[in-house]
Amino acid sequence: MELCLKVILWQSWKLCFKIMISSVSVFCASSQKVDQVYFHDALELGEILAHNQISVLYGGGAIGLMGCLADTILKNGGKITGIIPRFMLEQGWSHKKVNHIVVETMHERKKKLAENADAIIAMPGGVGTMEELLEMITLKQLGKLVVPIVILNTNGFFNPLLSLFEQMIEQHFMRDIHRNLWTLVNKPSEVMNGIQNAPEWDGSAIKYAPA
Amino acid sequence: MALELTDKNFEEVVLKSQKPVIVDFWAAWCGPCRMVGPIVDEIGEEYKDKAIVAKLDVDNNPGTTVRFGIRNIPTVLFFKNGQVADKQVGAVPKSNLVAKLEALL
């Protein structure tokens, strides 16, 4: 009886814990020249995050998908904070209506984005976005990060990367279980579900790290 | 130690000061601010006769934070005769802050 109660409490605690996502970090493009299909999803994602009252951390940029996301969140009364290196601020790249924490290096920025979020969302982007996403997946593979990592696969943008991941698994560079490191969604409206339904992960993942 | 400023005492302590004033805008959740804080305290000790060195928590004092358009923290503002004379954003080495203060003495 007591055990049964404990199990129920534990399950409901886990449920509460999963639902209580209060902050996310979003990685996405800073390019202004990308197709409208990407801007459309950045806008929709911004609306969803604002309406769910989720505090958003991002790279602090004013243009591209970053700028679109920030504009949308501010317009919808949401909360967003930029983590931006000082050299970018000095280039005038920061979003002028967003509050920023000013760091010194790219590494410091990525560390803050990783450590202060209950989930990570990656949208299409260039090499900066890719290296951020890959570092998060790597940290999770090693059990150093346990939060959901949701890849928003707008326009099938990430398909080549996912093929590469599959090749890594097929050729034993990674294990099957490592497919659980990320959660793939195709539309912004699936992002919240993707976060909620991400497979459980914890520090013991280090056991599986070697392929 | 640096003086703790609030929206209430800002006018009196900073804007009416005869000496140059350094104000460190910070927040508890801002990592880089924790690097600047101790440096500002040291400068406060070293320049206690020549300048006023103070800090303001942006979360508890939105009036002053908005008035000076502080969006990026850490930011250190340098005041002389009630006016902003210089500014430093980010966690920089102590020497940068000291050089800006020296220029106002």
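Please read all numbers here as calculations on a predicted model, not as lab measurements.

Caption draft 1: Representation of the interface of chain A and chain B within the structure. Contacts between the two partners involve 10 residues from chain A and, on the opposite side, 10 residues from chain B. In terms of residue count, strand E4 (residues 99–103) of chain A provides more of the side of chain A that touches chain B than any other element does, 5 residues in total. Among the residues forming the side of chain A that touches chain B, the class breakdown is 5 nonpolar, 2 polar and 3 charged. As paired elements, E4 of chain A and strand E4 (residues 72–73) of chain B share 2 bridges and run parallel to each other. Among the inter-strand pairings, Ile-101 of chain A is bridged to a residue of E4 of chain B, identified as Ile-73 of chain B.

Caption draft 2: How the structure looks around the sheet that holds strand E6 (residues 83–89) of chain B. All names here are of chain B. Read across the sheet, 5 strands follow the order E1-E3-E2-E5-E6 without closing on themselves; strand pairing throughout is mixed. The sheet is open, and its two edges are formed by strand E1 (3–5) and E6, each paired on a single side. Neighbouring strand axes in the sheet, compared pairwise and without regard to direction, differ in orientation by 25 degrees on average. Running at roughly 160 degrees to strand E2 (residues 21–26), helix H2 (residues 33–46) makes contact with E2, strand E3 (52–57) and strand E5 (75–80) of the sheet. Across the face of the sheet, helix H4 (residues 94–102) comes into contact with E2, E5 and E6 while running at roughly 165 degrees to E6.

Caption draft 3: Inspection of the pairing of E3 of chain B at higher detail. Residue and element names in this part refer to chain B. The buried count for E3 comes to 5 of 6 residues, which makes it a mostly enclosed element. Of the strand pairs in this sheet, E1 and E3 are connected by 3 bridges, and their pairing is parallel. In the strand pairing of E3, Leu-5 is matched with Leu-56. Here E2 runs beside E3; their pairing, made up of 6 bridges, is parallel.

Caption draft 4: A look at helix H3 (residues 64–75) of chain A. All names here are of chain A. For H3, built from 12 residues, the straight-helix expectation of 16 Å at 1.5 Å per residue is met to within 8% by its first-to-last C-alpha distance of 17 Å. For H3, a buried count of 9 out of 12 residues is recorded, marking the element as mostly surrounded by other parts of the structure. Those residues of H3 lying buried are Gly-64, Leu-65, Met-66, Gly-67, Cys-68, Leu-69, Ala-70, Thr-72 and Ile-73. Buried residues in H3 make contact with strand E1 (23–27), helix H2 (36–51), strand E2 (55–58) and strand E3 (80–85). Positive phi shows up at Gly-77, right after H3, with a value of about 70 degrees.

Definitions and limits used
Residues numbered from 1 in each chain as written. Chains lettered and ligands numbered in written order. Predicted model: local features only at pLDDT ≥ 70, side-chain atom pairs only at ≥ 80, totals over all residues. Contact = placed C-beta atoms within 7 Å. Helix = DSSP H or I, 4+ residues; strand = E, 2+ residues; numbered from the N terminus. Nonpolar A, V, L, I, M, F, W, Y, C, P; charged D, E, K, R; others polar. Pairing = 2+ DSSP bridges. Axes fitted to C-alpha atoms, helices over the stretch in contact; angles between N-to-C directions. Buried ≥ 20, exposed ≤ 12 C-beta atoms within 10 Å, placed from the backbone. Expected span 1.5 Å × (residues − 1).

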